[in-house]
Amino acid sequence: MMQDPEVWAADKIELDKWKAASTVDLIHHIVGHYHREARVEMARLESQADEAVLMEGVNHPVLMEIRDEVDRLCIELRNHLAVEERMLFPALLDIAEGRAPSIPVETLEPMRLLEDEHEAAAGLLKRLRVLTEGFNPPENARAAQRKFFETLQTLANSLYRHVYLENQVLFQRLR
Ligand SMILES: [Fe+2]
Ligand SMILES: [Fe+2]
């Protein structure tokens, strides 16, 4: 994933500390912090995207394309969060707490599907990064576009960390 390599190296050290946490604590952290943050930032992003297109779309037509990509990302991400929270995570909590999982472990194969979705989200973010020239508004951009790009950057940074914790820490425990 594309991020400032130095910042990312520091983040990774921080995130890797979760390898020592219990599965229960890790899932609570992912949902309580990253899923909540994703939902809050997506709500801001969607209204800011529409506002930016309305106020500045005439001067910056690329904003329409960016808004459409944001819509796609938000739809996919909301589905993804729901599948994790309603199917995968409850089963993982059952296993962690010694109960028979509510869904059979073999069906945890959707994990591969979830990883594919992480890849798809990374692809959309990459495209958004290109379309926004690295989340940098053009010099003559007005407030609406600046706020929009700022939120996009916040969501992207949060997603990089979130996906790392799932792919590299949580899912590794099931292999
Ligand atoms: Fe997640
Ligand atoms: Fe995920």
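Residues numbered from 1 in each chain as written. Chains lettered and ligands numbered in written order. Predicted model: local features only at pLDDT ≥ 70, side-chain atom pairs only at ≥ 80, totals over all residues. Heavy atoms only, no water.

A. Up close: the coordination of the iron ion (ligand 1). Bound to the iron ion (ligand 1) are the protein donor atoms His-35 (NE2), Glu-84 (OE), His-162 (NE2) and Glu-166 (OE), situated 1.9 to 2.2 Å from the metal. Coordination geometry of the iron ion (ligand 1): the four donor atoms subtend angles of 89 to 165° at the metal centre, consistent with an arrangement described as irregular. According to the relative accessible area criterion, Glu-166 is buried, its value standing at 0%. (Donors = N, O, S within 2.8 Å, 3.2 Å for Na, K, Ca; no water. Tetrahedral: all angles 85-135°; square planar, octahedral: opposite > 155°, others 65-115°. Buried < 20%, exposed > 50% of the residue type's maximum accessible area, 1.4 Å probe, protein only.)

B. Region of interest: the pattern of salt bridges. Scanning the entire structure with this criterion turns up 13 salt bridges. Arg-161 serves as the salt-bridge partner of Asp-11, at 2.7 Å between the closest nitrogen and oxygen. Taken together, the residues span a long stretch of sequence, with Asp-11 in helix α1 (residues 5-16) and Arg-161 in helix α5 (residues 143-170) at a distance of 150 residues. Judged by its relative accessible area of 13%, Asp-11 falls in the buried class. Put simply, Asp-68 and Arg-67 hold a salt bridge, and the shortest N to O gap is 3.3 Å. Several salt bridges share partner residues, and in doing so they unite Glu-65, Glu-69, Arg-72 and Arg-127 into one network. (Salt bridge = Lys/Arg side-chain N within 4 Å of Asp/Glu carboxyl O. Helix = DSSP H or I, 4+ residues; strand = E, 2+ residues; numbered from the N terminus.)

C. Representation of the coordination of the iron ion (ligand 2). Taken together, the protein ligands of the iron ion (ligand 2) are His-80 (NE2), Glu-84 (OE), His-118 (NE2) and Glu-166 (OE), with distances of 2.0 to 2.1 Å. Relative to the metal, the four donor atoms surrounding the iron ion (ligand 2) lie at angles of 87 to 175°, and the coordination shape comes out irregular. Donor residues binding the iron ion (ligand 2) come from one chain and are separated in sequence as H-x3-E-x33-H-x47-E. Here the iron ion (ligand 2) and the iron ion (ligand 1) are spaced 3.2 Å apart, with Glu-84 acting as a shared donor. Within this pair, whereas Glu-84 is found in helix α3 (residues 62-96), its partner Glu-166 is found in helix α5, the two being separated by 82 residues in sequence.

D. A look at the nonpolar core. Counting 45 residues, the largest nonpolar core has Ile-66, Val-70, Phe-148 and Leu-170 as its most contacted members. Contributions of two or more residues to this core are made by α1, α2 (23-56), α3, α4 (110-131) and α5. At twelve residues, α5 tops the list of elements feeding residues into this core. With near-sequence residues (within four places) excluded, Val-70 lies in contact with Leu-45, Leu-128, Phe-148 and Leu-152. (Core = buried A, V, L, I, M, F, W, Y, C linked by side-chain atoms within 4.5 Å. Contact = heavy atoms within 4.5 Å.)

E. Local environment of the environment of Phe-135. Looking at the secondary structure, you find Phe-135 in the loop between α4 and α5. Phe-135 sits eleven residues away from Arg-146 along the chain, and the two C-alpha atoms are 9.0 Å apart. Beyond its immediate chain neighbours, meaning those up to four positions away, Phe-135 contacts Leu-125, Leu-128, Arg-129, Phe-149, Leu-152, Gln-153 and Ala-156.

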